[in-house]
Amino acid sequence: MKISKMLTLSCGLVSFITAAESRPAEPELLLPTVNTDVPQHTVSLGDLTFLDDEEWVEAVSGRRMVLSESPQAVTIINLEEDIDLPVWTVPDRLRYEAGIDVYQTRHGQMDVGIRGWNSTGSMRTLVVLDGRSIDLEELGQVFWISHIHPSDITRIEVVKGPSSVRFGANAFGGVVAIRDRDVGDIHEVHTMSMVGTDGLLDIDATALGPIGSHWNHPAYYKVSIGGSYRDDQDGTHGRDPILPTHEDSLQTGDDDLDSMRLSAVFGIHLADEWRLEADAYLVDIQEWDFIEDLSIGSNWIDIEDNKAGLRLYMPFGELRWLHNDVDTEYSNQKSDPNIASRRTRVGLRNNTDELSLHFNHSFDEHVISAGVEYSQWNSLSNFWAQNGSYADASTWVRERVFNRAAFLEDQFFLSEEIILNAGVRFDNHSIVGKNTSPRLSANYRVDDTQFFRLSWSQGYRLPSHLEVLIAEDYFTTANDLEAETINSFDVGWQKTWRHTKATLGAFYSRAQDIMALVPLDAAVMQGNLPNGPFFEYRNIDNPITVYGVEAELRYAWAQQAGESWFNMTYQDFSYDHDFIYHSDGVFIGQPNKLFDFDFNLGEEHNAPPQWKINLGTRYQQNGWFTSGVVRYVDKQSFFSFASSNFQGNPVGPDVTRAGSSERSAYAACDLSVGYNWGVEESLKQFVRLSALNIFDQGHYEGHKVPSSVLAAENEAHRSSEVGREVTLTFGWEW
């Protein structure tokens, strides 16, 4: 997105707000909550306590509860209090928490894993914004930057461990639930703008407040507008321009990300705690260059993602309908335009409808949560057709996928100290069939400052639509493909003193039916020449076990508005036995051979780092603030099908056969300094200078392919080299 266009949109939003009525509405608009006894606003660092906003959670069961009652481990991040930290994106903020792994694979792409479960595209982490998933379903990619309004988000709840009881599929390793602003009884404007190295530009604004103060049924609004831009990663421009040579080839772009976003909410209060809300969310990603595992080089994608919905809030629950239209253009024409099998151009015309009814009811010592859900996804694409052509619409194939689900959960207060929780969810999916997801937990509250938790849960991950429907040239899908499943155990303890909070947790999980893209039998490959398929998505008989420990200690300084913290994570990830990637390949004319793999990837390929440590401090005084965080991330080994160049040949320094590479351990330091001149009025008008990896010229968070190799080989491979990033951030509220 061009800067002038973003500035014009932002100025237009401010003009709209200044024209709106600014007086408080009468009567006062009070948005209903499930538990009004739970405090709604966090205390400042100056109060030197860890209460209120850090002690309730809503994402786990779809209703607000005290953290000590939660059946799962939860990390709570109050972004309203985090303006002093160096980070500027949600994934970067998650780096500072125990049990969460973050990898920057491109400037416009971040992958996030929870308690050992990571994959390209965050496919085993469910990310929801205001209860709405923000991923591209067909590819399994999460929109961490383009779809999120930085000016509108206030809080993040990270639910650790399988969360399928409440969220169904793909809450495999956990859930990142992002909460946006609630409308109050006065008009507000919040802006957030960032400019930095690597062409980073983000401009965003949100306005919200009451309207129709004299109506019988008072209403409210919220409007957000913004855009994000990231320049191309260093060294990823090839030496020679690629010229289209085929109807399915396309010159790809030169930016990692270029997007615009607009959202609007209109609500009306009906009676008592009843209200009706309509919302729309429009996103135009004009260009996105992200990493996935089906193309050798970096790709190009254009996405128009339009959402609309209705939501009926009731005293006992919520009825919601969501509709989503996505128009996608994809091309991976950056590798070799002269080899047809190494380019793909795809069009996808998709729509999704979701209908859900959730309710909560309390009686005696029980709190019951229950719900039913239905979703349907329709797609028309040449990607779903063998030998389908982007240029010939008659070759496109239409696919339909639907799911029906119901869940029931009972939280039983056996006494003031002991809380039991039991829940189960049942899903019936049109492709992978039936899945049942139970959860059991017991919490023991020693007193108001200390509690223990023990829980067991099951979850599952559906194959992405691409994994289950792809029929394009090289690739196909096994007829008996099933969902990945996981069993997890968790034990946790938390103790709070006046100035100190300590948290300790241990976890164990075991996953079955892991999906992988593996070579077909050599004879089948040979018979499928020249166009394939040659590789197949299938479930492998090689379970994965993950266990680990995480600990955190936070201390609020006496007499000062400051805080220091330390956290660490240890996690061990392994397959039951070595993962063998083998194929005899196919002859394309003696002695030339393709797809001849013979590589032992071991038991720990694509494992998360074993050790992760954060040490941080922050300080505020008279409006000035500063913070620093030192991070250590252990080494990792990676395997990538695409980085193998589709055959068992070396592809660059430190990259071995079959696309396996070793990323070294690294340490990084993040620093910030700024001034907030809105402190006294409890508003934020601030400027902040931040630097990530300030002493680091460059490290890798994924496949270790240097920029020099990328440039020399015309982007034949991908890189995740990350270095120093400097950003100037402006925030304004009134």
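Look above for the structure.
Not measured: the values here are computed from a predicted model. (Residues numbered from 1 in each chain as written. Predicted model: local features only at pLDDT ≥ 70, side-chain atom pairs only at ≥ 80, totals over all residues. Heavy atoms only, no water.)

Caption draft 1: Molecular detail of the nonpolar core. The biggest cluster of nonpolar side chains holds 78 residues, and the ones touching the most others in it are L94, W117, W144, V176, F535 and Y581. Apart from the residues lying within four places of it in its own chain, the contact partners of V176 are L94, I114, T125, L126, V127, V128, W144, I156, E157 and V158. Within the second largest apolar cluster, 15 residues are counted, among which are A59, V60, A171 and V175. (Core = buried A, V, L, I, M, F, W, Y, C linked by side-chain atoms within 4.5 Å. Buried < 20%, exposed > 50% of the residue type's maximum accessible area, 1.4 Å probe, protein only. Contact = heavy atoms within 4.5 Å.)

Caption draft 2: Representation of the side chain of S690 in the model. Position of S690 among the secondary structure elements: in strand β41 (residues 685-692). Side-chain polar atoms of S690 contact the side chain of R688, separated by 3.0 Å. Dropping the residues within four chain positions of it, S690 is found in contact with L85, P86, W88, L671, S672, E725, V726 and T727. (Helix = DSSP H or I, 4+ residues; strand = E, 2+ residues; numbered from the N terminus. Polar contact = N/O pair within 3.5 Å; in protein donor to acceptor, adjacent residues only side chain to side chain.)

Caption draft 3: Representation of the sheet that holds strand β25 (residues 475-477). Pairing within the open sheet is mixed, and its three strands lie in the order β25-β29-β28. Sheet topology places β25 and β28 (515-519) at the edges, where each strand pairs with a single neighbour. The mean inter-strand angle of the sheet, taken between neighbouring strand axes irrespective of direction, is 30°. Pairing of β25 with strand β29 (residues 535-539) involves three bridges; the strand directions are parallel. Note on β29: the bridge partner recorded for F475 is F535. (Pairing = 2+ DSSP bridges. Axes fitted to C-alpha atoms, helices over the stretch in contact; angles between N-to-C directions.)

Caption draft 4: Main features of the sheet that holds strand β11 (residues 174-180). Within the open sheet, the five strands sit side by side as β3-β10-β11-β6-β7. Their pairing is mixed. In this open sheet, the two strands that pair with only one neighbour each are β3 (73-78) and β7 (132-133).

Caption draft 5: Examining the pairing of strand β22 (residues 418-429) more closely. With burial as the criterion, only one face of β22 is covered, namely that bearing I419, N421, G423, R425, D427 and H429; the residues I418, L420, A422, V424, F426 and N428 on the opposite face remain uncovered. Where strand β21 (residues 397-413) and β22 come together, 11 bridges link them in antiparallel fashion. Looking at β22, one finds that A405 is bridged to D427. In this structure, the hairpin formed by β21 and β22 is closed by a connection of four residues.

Caption draft 6: Representation of the pairing of strand β38 (residues 636-639) within the structure. Where burial is concerned, the two faces of β38 agree: the one with Q636 and F638 and the one with S637 and F639 are both buried. Across four bridges, the pairing between β38 and strand β39 (residues 660-663) is antiparallel. Each residue of the ladder has a partner; that of S637, found in β39, is E662.

Caption draft 7: Spotlight on a nonpolar patch on the surface. On the surface, L270, W274, L276, L310, F316, L319, W321, L355, L357, F359 and V372 cluster together to form a nonpolar patch covering roughly 890 Å² of accessible area. Those elements giving two or more residues to the nonpolar patch turn out to be β16 (274-288), β18 (317-331) and β19 (345-363). By residue number, the principal contributor to the nonpolar patch is β19, which donates three residues. You can call W274 partly exposed: its relative accessible area is 31%. (Patch = residues over 30% accessible without salt bridge, like charges linked within 9 Å, V, L, I, M, F, W, Y side chains within 5 Å. Areas by Shrake-Rupley, 256 points an atom, 1.4 Å probe, with all protein chains shown as cover. Salt bridge = Lys/Arg side-chain N within 4 Å of Asp/Glu carboxyl O.)

Caption draft 8: Representation of the pattern of salt bridges in the model. Throughout the structure, instances matching the rule amount to 42 salt bridges. Here R181 ties to E733 by a salt bridge, and the two come within 3.9 Å at their closest N and O atoms. Taken together, the residues span a long stretch of sequence, with R181 in the loop between β11 and β12 (188-196) and E733 in strand β44 (residues 725-733) at a distance of 552 residues. We classify R181 as buried; its relative accessible area is 10%. By relative accessible area, which is 7% here, E733 ends up buried. The partner of R261 in a salt bridge is D202, and the shortest N-O contact between them spans 2.7 Å.

Caption draft 9: Unusual backbone geometry, seen in detail. Cis rather than trans, the peptide bond between L529 and P530 has omega equal to 10°. Even without being a glycine, N170 presents a positive backbone phi close to 75°. For N170, the position within the fold is in the loop between α3 (164-167) and β11.

Caption draft 10: Fine view of the packing of aromatic side chains. Applying the stated criterion to the full structure yields 25 aromatic pairs. On the basis of an interplanar angle of 40° and a centroid distance of 6.4 Å, the ring pair of Y474 and F535 is categorised as tilted. Placement of the pair is Y474 in the loop between α4 (465-469) and β25 and F535 in strand β29, with a sequence separation of 61 residues. When the centroid spacing of 6.5 Å and the interplanar angle of 15° are considered together, the rings of F579 and Y581 count as stacked. For the pair formed by F579 and Y581, the shared burial category is buried. Chaining the aromatic ring pairs together yields one cluster made of W117, F172, F573, Y575, F579 and Y581. Against the face of W56 rests R64, its NZ or CZ located 3.7 Å from the ring centre. Cation over ring: R124 sits above F172, and NZ or CZ is 5.9 Å from the ring centre. (Phe/Tyr/Trp six-rings, centres within 6.5 Å; stacked < 30°, edge-to-face > 60°. Lys NZ or Arg CZ within 6 Å of the ring centre and 35° of its normal.)

Caption draft 11: Structural detail: the environment of V397. Here V397 shows up in strand β21. A relative accessible area of 26% means that V397 is categorised as partly exposed. Distance in space between the C-alpha atoms of V397 and F383 is 7.9 Å, their sequence separation being 14 residues. Sequence-distant contacts of V397, that is, excluding residues within four places in its chain, are made with S379, L380, S381, W384 and A385.

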